[in-house]
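What the coordinates show
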Amino acid sequence: MTERAHAAHAEGETGVWSGSWVAERLGVELAGDEALTGLLGLALRRNPKRAHLLVSNVLGKHVPQSPSVVYGHGVALGRRVRELLGAEAAERAVVLGYAETATGLGHSVADGLGSAPYLHSTRRAVAGVARAGGFEESHSHATSHLLLPKDPALLAGDGPMVLVDDEFSTGNTVLNTIRALHERYPRKRYVVVALVDMRSAADAGRLDDFAGEIGARVDLVTTASGTVRLPPGVLEKGQELVARYEAPTAAPAAEPMTGATTEATAEATTEPATRPTGGSPGAASPGSVERVDLRWPHDVPDGGRHGFTAADRDRLESALPGMAARIAEALPARARRVLVLGFEELMYAPLRLAQALEQAVGGDVDVRYSTTTRSPVLAVDDPGYAIRTRLVFPAHDDPADGPGERYAYNVAGAGFDAVIAVVDSAADTPALHAPDGLAARLAAHVPHVLLAVVPSYVPHAPQAPERPPMLPEPLRGPAFSSYAPDEVGWLLQDLSDVTLEAPTEEREEAIQSGGAHYAESLPVEYQPSEQYQELFHAALESSAARLARAVGAVTEVVLAERSPRPVLVSLARAGTPVGVLMRRWAQFRHGLDLPHYAVSIVRGRGIDANALRWLADHHDPADVVFVDGWTGKGAITRELAAALRDFEASDGVTGFDPEIAVLADPGSCVRTYGTRDDFLIPSACLNSTVSGLISRTVLRADLVGPHDFHGAKFYRELAGADLSPAFLDAVSARFPDVTESVDAHVKDLLSADRTPTWEGWAAVERISEEYGIHDVNLVKPGVGETTRVMLRRVPWKVLARAGAGADLDHVRLLAEQRGVPVEEVADLPYTCVGLIHPQYTRGATGADGKAVTL
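Here goes a summary of the coordinates provided. (Residues numbered from 1 in each chain as written. Predicted model: local features only at pLDDT ≥ 70, side-chain atom pairs only at ≥ 80, totals over all residues. Heavy atoms only, no water.)

1. Looking at the overall build of the protein chain
Looking only at helices and strands, the protein chain features 25 helices and 32 strands. When burial is assessed residue by residue, the protein chain has 61% of its 854 residues classed as buried. The contacts in the protein chain between residues at least 6 apart in sequence include a share of 77% that link residues at least 24 apart. (Helix = DSSP H or I, 4+ residues; strand = E, 2+ residues; numbered from the N terminus. Buried < 20%, exposed > 50% of the residue type's maximum accessible area, 1.4 Å probe, protein only. Contact = heavy atoms within 4.5 Å.)

2. A short note on the sheet that holds strand β12 (residues 337–343)
Each strand in a sheet pairs with another by means of backbone hydrogen bonds, the pair being arranged parallel or else antiparallel. The strand order across the open sheet formed by 5 strands is β11-β17-β16-β12-β13, and the pairing between neighbours is parallel. The open sheet has two free edges, formed respectively by β11 (288–291) and β13 (366–372), since each of these has just one partner strand. Pairs of neighbouring strands in the sheet enclose a mean axial angle of 25°, with direction left out of account. Its contacts with the sheet place helix α13 (residues 348–361) against β12, β13 and β16 (418–424), and it is angled at close to 170° to β13. (Pairing = 2+ DSSP bridges. Axes fitted to C-alpha atoms, helices over the stretch in contact; angles between N-to-C directions.)

3. Considerations on the nonpolar core
Formed by 111 residues in total, the largest nonpolar core has its most connected members in Val162 and Ile420. Here this core takes 8 residues from α13, the largest share from any one element. Discounting chain neighbours no more than four positions away, the residues touching Val162 are Val81, Ala93, Val94, Val95, Leu96, Val109, Leu113, Val191 and Val193. By size, the runner-up hydrophobic cluster in this structure holds 98 residues, among which are Leu547, Trp585, Ala661 and Val825. (Core = buried A, V, L, I, M, F, W, Y, C linked by side-chain atoms within 4.5 Å.)

4. Quick notes on the packing of helix α18 (residues 575–590) against helix α22 (residues 735–751)
For the pair α18 and α22, the least separation of the axes is 12 Å and the interaxial angle reads 85°. The angle between the axes of α18 and α22 places the two elements in the roughly perpendicular class. Where α18 abuts α22, its residues Leu581, Arg584, Trp585, Phe588 and Arg589 lie against Phe735, Pro736, Val738, Thr739, Val742 and Asp743. For the contact of α18 with α22, the residue count by class is 7 nonpolar, 1 polar and 3 charged. (Parallel < 35°, antiparallel > 145°, perpendicular 65-115°, else oblique. Nonpolar A, V, L, I, M, F, W, Y, C, P; charged D, E, K, R; others polar.)

5. Quick notes on the packing of helix α4 (residues 67–85) against α13
Between α4 and α13, the shortest axis-to-axis distance is 8 Å and the interhelical angle comes to 125°. By the angle between their axes, α4 is oblique relative to α13. Crossing of α4 against α13: the hand is left-handed. Side by side, α4 and α13 meet where Pro67, Ser68, Val70 and Tyr71 of the first sit next to Tyr348, Leu351, Arg352, Ala354, Gln355 and Glu358 of the second. For the contact of α4 with α13, the per-class residue count stands at 6 nonpolar, 2 polar and 2 charged. (Left-handed = near helix turned anticlockwise from the far one by under 90°.)

Encoded structure:
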C-alpha cells in the first residue's frame, strides 16, 4: 500500500468505511444517524472475548486528524451546551472531562461554553496535591481516576456540572461519577456531553430514572447517536480473528495483513525503504530527534489536571502564535505532511499547538494531530480497518500502576515528513529516549522528529491545617482483641456496640449500585463448619514451616534495607497477624522489641489520616514500615502511595515510605516480600477468628468524625471459636527449624532484582475483559483474595490453575457450599482467582446471561 493511500485512509478519502473490515467479518452493524460512519470506524480489541472497538475519526486519539476538525467538534458541543443552559447558567458551570481519552475534548467543550473552568480526571497521582475525589471506570483497561483540583472549591459550586466523555455507551461511568460527586457537592443540574451516544435500548431509559433518583436534572448533548448491533456468536468470531491475526505468520493471501499485531510485525510493516523522504540541505538527517523550545508561559498550566480557568485560557491564547512560529521554524523546509503527537492525558496543549501551527503554515503543510495511548488494539493493514499500524514502546512517565506498554496508532507508514512529539516534563525521562522508547520508535519510521516539552504544572502545597485535638492511645487486648497487649496496638475506635452487619447479598447490591461504600457496613461473620475447621488445621500444619520462612525473610529484608529498629504498622486486618509474626521473628532472632500498630486503609478513601498523625507524633515517620498479608492486583499498594502523598500535601509531614512489606507478593507489586509464590496463608481462610476477633475496618460519616480513628468491632462473643493464638504459635514454633533456609533465601533476595513488574494487574485486566466483567474491582486474584470473595461477597465463579492441589481445598469446599462453579484454567498466573458477580442485584444474571446460584 502506498504512503498516500495510507494517509487517505486516515482521512476517509478512499471511499471505504474504516469499519467495513470488522463489519464484514463479525456481522457488526452501526445503526442510527447517517453521520455515525463518518465519525466512527471499527477495530478489534486485543482481547478475544470483547470483539469490537469503536474508533473515533474526530477525537484525535487513534486516528490522525486535522486539528481544526478535532477542536471544532468539541467547541461546537460546548456552544450547544451553552444554548441549552442559557447564558446565566453557563457562566456558573464547571466542566469535567475524563482521562485519558476525553481530556482534550472536555477542554474544547469548556472553550465553546465560554468562561467555564475546566478539570479533568487523571490516572497520574501528583505529589503534594490532595485528592478531592476519585472513581473507577468499570469497563476500562486502565487504573483508577483521581480528581486533583488545585482549588477543591472548583467542584463545590451550585452551578451546572458538564461531564464530557468521548462516547456514551452504557452510561455507567458517568452516572457513577455524578452519584459520587452529588453526595459531596449536590447541585440541581448536570449535562452529559459525548461525541456519540451508543446506548442500547435497555440503557436508554436509565438517565431519566437516575435523574429522578438523585433529584436533579440530567441532560445529554451528543453529535450523533445510534447503537451497535452484535449478531449471535460475535465473541467466538472475534476470538478466531484475533487468534489468526496475532499469530506470528502472515494472514491468508485473501486477507493480506501488513499492519502490526506485535512489535515485530510492526517493524516489518514499515521498513526504512518505504519511509517518506523530505527535508532540505542542511536539515537534520532522516531519523533524527531534535528538541524545540516552545517557551511555554510559566504561569499557564499544561492542562486541566489541576483545573484550568478562563484566565489561563486567555494567557494560552496569547502565547500560541509565538509557540507555533517556533515549531514551524524548526520543521524541515520540504515537510509537507506533519503530525503533532500528544501524550496520553496531555491532549489539549498539543491540540492547540497543532491548530496554531495549521494556521501558521496555511495550505503549504498538511498538519495532523493524534496522541499516544494506553489502549491495546489489534492493528490490521486494510483500507476498511481503523487501526492500520501501531508503534509499541514502554511507559515513560513513571505511572502509578507500574511499567507497561504504550501505543501510537496510524503513525508508522502514514507518509509523515515530520512528527512533533509533545510531552510534559514529567514524561521527559530516560525511558522516553531509550533504544526502545517513543523517540526511537518514531525516528525509525519518520525522517524528522521534534520533541517539544511542556512544563508539568504542580500547584503550590497549601498551608498545613490546624492540628486536630489530641488523639487517644491505641486500643489493646484483652479489652480490644484477643492478642496480648504488647503484640499490637490498634489505632482504631471500638464500634462493638453498633449494629453494622448486613446480609452478603444486600451489601453486594448496595455496593455495586453505588448506594453504599463497602467500608460502611460489615458482612455477617462466617462461622466455619467442622469440615472447614479441619481443613484450616490441616493447612496450618502443612504450611507452618513455609509461612515461618516467609515471615523470617521479609523481616530480615526490612531490617537490612528499611530500618534497624522499624516501627511495624499493619494494614488492618489481614496485615495484623503478619505484623505480629514479624515482631516475634525480630525478638526470636535479634532480641528486638519492635513497636507494632494496626491502622485502617480503605480502597477509594485512603489511609486513616488521624492514625498517621498519631504515628508522626510518637515515632519518626522514616522508621514506619507498613505491613500487609499479601498482594493481589496491587490496589492497596497504589491506594497507600496516593494517600501518603495526600497526607504530605495536607499536613506537611514527610518521611512515610509507601513501600509495603508483605508475606507473599504473587502480583509482583512490591519490593519487600517473603515470597512471590501464590500459596495458602491459613490466616486468609477465616475472618475475625484468626485475626484477634477484630472485624474488618469501618468508615462511615455518622460514626467516624474528622478527628476520630476509623472504627472496628471486637467480637468478644466468638472467643470460644478463636484460633488467633493457635495460628501465631504454630508458625512461631517453626522459627528455629527455618533459620538456615531464611538466611540463604534473604541472601538471594538482597542481591536479586526485585523491581515490581505489576504482572498481577495485567492479568486482572485481561481476566476482567475476557470474562465480560469490565470492572477490575470484581476480579480478586490469589488464594487469599479468592477466599475473601467466598466469605464476604457474592461470588460468581472461581478460576483455578489447572493442577492446583491442597492450597485450594478450602476454596473448593466453600465453592461447593455456595454453589459456585470452579473453572480450571491452563495459563492462570495465580493459583486461583475469585470473580465477584458482575452488576449484582438479587435475581441478577451474570455476564454469560445465566442466573447466579447462591
